Structures are given as C-alpha cells and as structure tokens.
Amino acid sequence: MAIIGVRIDGRLIHGQVANLWVTKLSITRILVVDDEVAMNTVEKSGLKLATPAGVKLSVLPIEKAAENILAGKYDSQRLLIVAKKPDRLLKLVERGVPIKEVNVGNMSQTNETRSITKSINVVEKDIEDFKQLNARGVHLTAQMVPSDKSEDFMSLLNK
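Residues numbered from 1 in each chain as written. Predicted model: local features only at pLDDT ≥ 70, side-chain atom pairs only at ≥ 80, totals over all residues. Heavy atoms only, no water.

In the nomenclature of an unreviewed UniProt entry, the chain is known as PTS mannose transporter subunit IIAB of Enterococcus mundtii. The UniProt entry for the chain carries this comment under Subcellular location (unreviewed entry): "Cytoplasm". (UniProt positions renumbered as here; feature names shortened; annotations may be inferred.)

The following block contains the structure:
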C-alpha cells in the first residue's frame, strides 16, 4: 500500500499541503476524496492549479477512490489522501482502505462549529466520525505544518 499520508483540510490543496506536506513526505500523487468536489469542474480546475509541478492529482468520489486504492492503482506512487471532513475518510475505512493515521489540519469555523484548536472547528457529526475512526484503530493527530509538534487529536477533542 502506498498511502504515505492522510490529511483532513477544509481547503484541500493550498500552500501548506502543496508546498510543505508534499515536500516533507515526498508525495508523487495527491488524491482528493470528496463526492461533491469530484462533480464540480470549477473546483477541480482550481485544485489542478494548486497542485505542485511534477505531482499527479486525482479528485474522486469516495467509492471510486476506495476501489482504486484497493485495486492497487497507486501502489507504485507515494500517495497523500486529502479530505475536507472526517466522514469521507470513515467511509474509505468502512470500505476496507487501510488508513492507519490521519492528520487533522484545518476545519473552518462556522456558526455551527465549536473550536478544538485555533484552526480545527467541528460539529457534532464530525465528533462522532472522529470517534468512529478512533474506534477502528485509526490514530488521529493534529498538526498544521510539518514543523509543528504533532498532538494526539482525541486528547484535544475530549478536553
């Protein structure tokens, strides 16, 4: 399996992901997993522009992403999976994708969210999804950029 990193980031591909994480992890392909984004040509075009030169990009609905990963389609590459919210990753895990660790990066604040850190804001559904991922053995960390200290996300969530 060639999954090098898995990150939740509401912005998907931007400076931190494109420059810092891709470089730190020597990523050769970014896989954005999101049913809505996969159907939005404008959003996909923006993601293509934000992807660093020399790095491949796939923007797929959850089901297709799971199929491709389980079929070994990316086994020869260094894969970074990026999703906006934990439910997308939970669905991958439920379909048998072996995700061991998830880096929770940025989840934007809205009127419905509560703050976990200055950059991670969640609604009740997110909390339940994180708990389910944790219960399935997925280690959850909070780390905005590679130079930041990695923190145990469930400890932050349970404060």
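Next comes the rest of the account.
This part covers the packing of helix H5 (residues 86-94) against helix H6 (residues 124-135). Running from N to C, H5 and H6 point in directions that differ by 30 degrees, and their axes come no closer than 9 Å. Viewed along their axes, H5 and H6 adopt a mutual orientation that is roughly parallel. In this structure, H5 meets H6 at a crossing whose hand is left-handed. Contact residues: H5 offers Pro86, Asp87, Leu89, Leu90, Val93 and Glu94, while H6 offers Lys125, Asp126, Asp129, Phe130, Gln132 and Leu133. For the contact of H5 with H6, the class distribution of residues is six nonpolar, one polar and five charged. (Axes fitted to C-alpha atoms, helices over the stretch in contact; angles between N-to-C directions. Helix = DSSP H or I, 4+ residues; strand = E, 2+ residues; numbered from the N terminus. Parallel < 35°, antiparallel > 145°, perpendicular 65-115°, else oblique. Left-handed = near helix turned anticlockwise from the far one by under 90°. Contact = heavy atoms within 4.5 Å. Nonpolar A, V, L, I, M, F, W, Y, C, P; charged D, E, K, R; others polar.)

A word on the pattern of salt bridges. In this structure the tally under the stated criterion is nine salt bridges. Residue Arg95 is joined to Glu63 by a salt bridge in which the shortest nitrogen-to-oxygen separation is 2.6 Å. Placement of the pair is Arg95 in the loop between H5 and strand E5 (101-106) and Glu63 in helix H4 (residues 62-70), with a sequence separation of 32 residues. For Glu63, a relative accessible area of 41% gives the class partly exposed. As a salt-bridge pair, Asp129 and Lys125 come within 2.9 Å of each other at their nearest N and O atoms. Here Asp129 and its partner Lys125 are both found in helix H6, four residues apart, which amounts to about one turn of the helix. Here the residues in one salt-bridge network are Asp34, Glu36, Asp87 and Arg88, joined through shared partners. (Salt bridge = Lys/Arg side-chain N within 4 Å of Asp/Glu carboxyl O. Buried < 20%, exposed > 50% of the residue type's maximum accessible area, 1.4 Å probe, protein only.)

What follows covers the packing of aromatic side chains. If you walk through the whole model with that rule in mind, you get one aromatic pair. Look at Phe130 and Phe153: their rings are 4.5 Å apart centre to centre, the planes differ by 55 degrees, and that puts the pair in the tilted class. One end of the pair, Phe130, is in helix H6; the other, Phe153, is in helix H7 (residues 153-157), and 23 residues separate them in sequence. The exposure classification of Phe130 matches that of Phe153, with both residues buried. (Phe/Tyr/Trp six-rings, centres within 6.5 Å; stacked < 30°, edge-to-face > 60°.)

Looking at the secondary structure, you find Val145 in the loop between strand E8 (139-142) and strand E9 (151-152). Each C-alpha atom, one on Val145 and one on Val17, is 8.3 Å from the other, the two residues being 128 residues apart in sequence. Every residue in contact with Val145, bar those within four places of it in the chain, is listed here: Gln16, Leu20 and Trp21.

As a further point, take the sheet that holds E8. If you trace the seven strands from one edge of the open sheet to the other, you get E3-E2-E4-E1-E5-E8-E9, paired in mixed fashion. Looking along the sheet, the strands with just one partner apiece sit at the ends: strand E3 (56-60) and E9. (Pairing = 2+ DSSP bridges.)

For Thr141, the position within the fold is in strand E8. Residues in contact with Thr141, not counting those within four places in the same chain, are Glu101, Val102, Asn103, Val104, Ser150, Glu151 and Phe153.

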